[in-house]
Amino acid sequence: MTQWDDTGFETRAIHAGQEPDPLTGAVVPPVYQVSTYAQDGVGGLRGGYEYSRSGNPTRTALEECLAALEAPGIDGARGLAFASGLAAEDTLLRVVGAPGAHAVIGNDAYGGTYRLFARVAEPWGLAHTPVDLTDHDAVRAAIEPGRTRLIWAETPTNPLLTVVDIAALADIAHEAGAVLVVDNTFASPYLQQPLSLGADVVVHSTTKYLGGHSDVVGGALVARDGELGERLAYHANAMGSVPGPWDSWLVLRGIKTLGVRMDRHCANARAVVDLLSNHARVTQVLYPGIAGHRGYEVAARQMRDFGGMVSFRVAGGADEAVAVCGRTRVFTLGESLGGVESLIEHPGRMTHASAAGSPLEVPDDLVRLSVGIESVEDLLADLDKALA
Ligand SMILES: *Cc1c(COP(=O)(O)O)cnc(C)c1O
């Protein structure tokens, strides 16, 4: 809870955790580029800070803002910032997982998340079962009573834009005594707030929409329960998975415009979907906002709007999909997503290459777009030309 919980999303994005600096009145939290803090006598901390791995005022501002965005009104909820999305995920797995324990994860999870589960957590002793999280019977069947500690969901997913029902999965997890983790990177807290739907922990790659300008790598966790938040904070300090003050400041700066950026990302994505849906060279468009999309009803219920990520399949197979990625001008060929600039990529050979041969392999004629906030007519003309 913060004193901004009674205000709207955009007000919290701009003010929560960001009171004017008490010393100078600076309206934006300064970049506290510092590693250590003078003490007034041994143990006499002036502002509660002693060493910047344990705590830094710029990072604190970001963490309070993250909690205010994902968990308004949830008493005791805790936001934590990390050096990357994967650093956040790793810290979380160490705390809610354990050697001998088990996790259920979506069968089209982000490639890096899958790699973390398969190549790092598994050798440590945390087993996992990938399942289709839209199939609730399959989820129940994958749960190992007494051993399954967590269900890990992403919605919408990367890159197939599958939508899972957060409230239903939370019930299934809680019946089994497990926690529900939701990677909210694709939606951002502006479009979807999983904790309000019953999830226990939200994960972000702040590299994406929260940062929003493709100029920083960062991650975040927001835990509903204060005691879990405290254990996560302990591990973040013990493992050193924390971000520096400058990166924290960049994410905080990005967050201020999250609402207006997301509105434009969504509007531009809708226009792109219209163009692709009527294009002869496109065999399928994947977007949760299409009425025929498998997850449309759930998305309409749990999201404010449908987001800026669009995937589509190209007639002619992998070579043609790769060729389209090489023919755009405004859409930059590159990995990552969620920035103001539009990006195009071929998941099979780029972001999801590490999933080849695994249950998480993606179709090779798939192209993924991160629709930016440029002039929409330029985006449409660019795609039309690349597909010609
Ligand atoms: C990028 C991404 C991650 C990993 O975050 P990094 O900041 O790259 O470590 C995790 N989940 C999703 C959905 C992502 O897009």
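Please refer to the structure placed before this passage.
Note that the coordinates shown come from a computational prediction; the quantities given were computed from them, not determined experimentally. (Residues numbered from 1 in each chain as written. Predicted model: local features only at pLDDT ≥ 70, side-chain atom pairs only at ≥ 80, totals over all residues. Heavy atoms only, no water.)

Asker: Whenever I open this one, the packing of helix 2 (residues 57-70) against helix 9 (residues 245-255) confuses me. Can you help?
Answerer: When two helices pack together, their arrangement is given by the angle between the helix axes and by the axis-to-axis distance. Between helix 2 and helix 9, the least distance of the axes is 8 Å, while the angle of their chain directions is 35°. Seen along the crossing, helix 2 lies across helix 9 with a hand that is left-handed. Along its contact with helix 2, which presents Thr58, Arg59, Ala61, Leu62, Cys65, Leu66 and Leu69, the element helix 9 presents Pro245, Ser248, Trp249, Val251, Leu252 and Ile255. (Axes fitted to C-alpha atoms, helices over the stretch in contact; angles between N-to-C directions. Helix = DSSP H or I, 4+ residues; strand = E, 2+ residues; numbered from the N terminus. Left-handed = near helix turned anticlockwise from the far one by under 90°. Contact = heavy atoms within 4.5 Å.)

Asker: Please explain helix 13 (residues 376-387) as it appears in this structure.
Answerer: One full turn of an α-helix is made of 3.6 residues, so residues set three or four places apart face in the same direction. With twelve residues, helix 13 should reach 16 Å at 1.5 Å per residue; the first-to-last C-alpha distance of 17 Å fits that figure. Buried residues of helix 13: Leu379, Asp382, Leu383, Ala386 and Leu387, and no others. For helix 13, the buried positions fall inside an angular range of 125° around the axis, keeping them on one side. Exposed positions of helix 13 whose direction lies more than 90 degrees from the buried face are Glu377 and Lys385. Those residues of helix 13 hidden inside the fold are in contact with helix 10 (258-277), strand 8 (282-286), strand 9 (309-314), helix 12 (317-325) and strand 12 (366-370). (Expected span 1.5 Å × (residues − 1). Buried < 20%, exposed > 50% of the residue type's maximum accessible area, 1.4 Å probe, protein only. Arc of directions from axis to C-beta.)

Asker: What is the right way to read the site of the ligand from this model?
Answerer: Near the ligand, the surroundings consist of 15 residues, among which Gly85, Asp183, Ser205, Thr207 and Lys208 are the closest. With respect to the ligand, the side chain of Thr207 contributes an N or O atom lying 2.8 Å from an oxygen atom. Among the elements that take part in the shell around the ligand, helix 3 (residues 85-96) stands out by supplying three residues, more than any other. (Near = heavy atom within 4 Å. Polar contact = N/O pair within 3.5 Å; in protein donor to acceptor, adjacent residues only side chain to side chain.)

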